[in-house]
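# Coordinate inspection notes
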Amino acid sequence: MPLVSFIVPIFNCASYLKQCLDSILAQSINDYEVILVNDGSQDNSGDICDIYVKKDSRFRVVHKKNEGLSAARNDGLELAQGDWITFVDSDDWVEPHFLDVLVANKNVDYIVTSINHQQVGGRCITEKFIEQEYDTIDDSVFVVENLKQVFFTAWSKFFKKKIVNDNQLRFIPGVSPGEDTIFVFQYLNHIHSLYLSDKPCYNWRVA
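This one's a predicted model, so the numbers in the text were calculated from it and none came from an experiment. In every chain, residue numbers begin from 1 and rise along the written sequence. Owing to the predicted nature of the model, reporting of local features is limited to residues with pLDDT of at least 70; listing and counting of side-chain atom pairs is limited to 80 or more, with chain, interface and lining totals taken over all residues. Excluding hydrogens and water, the side-chain values take into account all heavy atoms of the structure.

## Observations regarding the pattern of salt bridges
Should the charged atoms of two oppositely charged side chains come close, the side chains can pair. Salt bridges are counted wherever a side-chain nitrogen of Lys or Arg sits within 4 Å of a carboxyl oxygen of Asp or Glu. Tallied over the entire structure, the rule returns ten salt bridges. A salt bridge links Lys-64 to Asp-39; the shortest N-O distance between them is 3.1 Å. Taken together, the residues Lys-64 in strand β3 (residues 59-64) and Asp-39 in strand β2 (residues 32-39) connect sequence positions 25 residues apart. Three labels apply to residues, based on accessible area from a 1.4 Å probe with only protein chains included: buried if under 20% of the type maximum, exposed if over 50%, partly exposed otherwise in between. On the basis of relative accessibility, which here comes to 15%, the residue Lys-64 falls in the buried class. Segments assigned H or I by DSSP are reported as helices when at least four residues long, segments assigned E as strands when at least two residues long, and all are numbered from the N terminus.

## Quick look at the side chain of Thr-113
Mapped onto the secondary structure, Thr-113 falls in strand β6 (residues 110-119). It only takes one pair of heavy atoms within 4.5 Å for two residues to be counted as in contact. Excluding anything up to four places from it in sequence, Thr-113 contacts Phe-98, Val-101, Phe-129, Ser-156, Phe-158, Ser-197, Lys-199, Cys-201 and Tyr-202.

## With respect to the environment of Ser-176
Among the structural elements, Ser-176 can be located in the loop between α6 (161-166) and α7 (179-188). Residue classification places Ser-176 among the exposed residues on the basis of a relative accessible area of 61%. Through-space distance from the C-alpha of Ser-176 to that of Ser-70 is 8.7 Å; in sequence the pair is 106 residues apart.

## Points about helix α2 (residues 45-55)
Of all the residues in α2, the buried ones are Ser-45, Gly-46, Ile-48, Cys-49 and Tyr-52. All buried residues of α2 fall inside an arc of 160° around its axis, so they share one side. Of the surrounding elements, those touching the buried residues of α2 are β1 (4-10), α1 (14-25), β2 and β3. Read the arc as the range of directions from the helix axis to the C-beta atoms.

## As for the packing of α1 against α2
Every angle, taken between N-to-C directions, lies between 0 and 180 degrees, and every axis is a line fitted to C-alpha atoms, over only the stretch in contact when it is a helix. Running from amino to carboxyl end, α1 crosses α2 at an angle of 20°, the nearest separation of the two axes being 9 Å. Looking at the two axes, α1 sits roughly parallel to α2. By crossing handedness, the relation of α1 to α2 is classed as right-handed. Contact residues: α1 offers Ala-14, Leu-17, Lys-18, Leu-21, Asp-22 and Leu-25, while α2 offers Ser-45, Ile-48, Cys-49, Tyr-52 and Lys-55. Throughout, the ten residues Ala, Val, Leu, Ile, Met, Phe, Trp, Tyr, Cys and Pro are labelled nonpolar, Asp, Glu, Lys and Arg are labelled charged, and all others, Gly among them, are labelled polar. Each residue belonging to the contact of α1 with α2 can be placed in one class, and the counts come to seven nonpolar, one polar and three charged. With respect to orientation, any angle under 35 degrees is reported as roughly parallel, any angle over 145 as roughly antiparallel, any angle of 65 to 115 as roughly perpendicular, and every other angle as oblique. Helix crossings fall into two classes, left-handed where the near helix is turned counterclockwise from the far one by less than a right angle and right-handed where it is turned clockwise.

## Quick look at helix α3 (residues 69-79)
Those residues of α3 that fall on the buried side of the exposure criterion are Ser-70, Ala-71, Ala-72, Arg-73, Asn-74, Gly-76 and Leu-77. Considering only its buried residues, α3 is in contact with β1, β2, β3, β4 (84-87), α6 and α7.

## Side note on the state of the cysteines
For this text, the term disulfide refers to a pair of cysteine sulfurs within 2.5 Å. In this structure the tally under the stated criterion is zero disulfides. Free of any disulfide, Cys-201 has its nearest cysteine sulfur in Cys-124, 13 Å distant.

## Digging into unusual backbone geometry
Even without being a glycine, Asn-12 presents a positive backbone phi close to 50°. Looking at the secondary structure, you find Asn-12 in the loop between β1 and α1. For Asn-12, a relative accessible area of 33% corresponds to the partly exposed category. Despite not being glycine, Ser-156 shows a phi value in the positive range, around 70°. Inspection of the secondary structure puts Ser-156 in the loop between α5 (137-141) and β9 (157-160).

## Some thoughts on the pairing of β4
Every second residue of β4 is oriented toward a common face, with Trp-84 and Thr-86 on one face and Ile-85 and Phe-87 on the other, all of them buried. Here β1 runs beside β4; their pairing, made up of four bridges, is parallel. In the sheet register, Ile-7 faces β4, and the bridge partner there is Phe-87. With two bridges joining them, β4 and β9 adopt antiparallel strand pairing. Residue pairing across strands places Ile-85 opposite Phe-159, the latter belonging to β9. In short, DSSP must find at least two bridges between two strands for them to pair.

Next up, the structure:
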């Protein structure tokens, strides 16, 4: 089984999709699978997915009717075989050392990386956590310096699949915005430790 499953929900994102998938291929650690969920795209996103599946055996694709982001992520969760799960939105991309953070901190239940806000016009704003490992979730949630908006997004994180599956955690279809926050809070209820990385490994494209 792979170390980690990348779940990439995709809807009409052909302009950015190659950059996203190439960034996963560029990882310095190769022990992963990539689950592409083409959520009824009407552009050529589906064709791009098929190209990557043919190119690399670690890629799988599901072509489905459009049901929204939460349903697409849930479809990915059903297929994931990795010990860990990470979500990457199809218009974002990750740095080559993204998985290095996971490998170095597999002893905890939840891993959160810092991010780069990639804004229109090429401006980049880095949002960094103060690096810290917390042995109890009670301590970590209330550290003011580390309570940032991106703490509650599904992307830029590593979730243990066993915790997700044992507690039947899924995204709630039809809830938007806020679906990420609900999922993260549900996950937090079942963990005992977490690590916040000060390395900006995830690039969030802000429209």
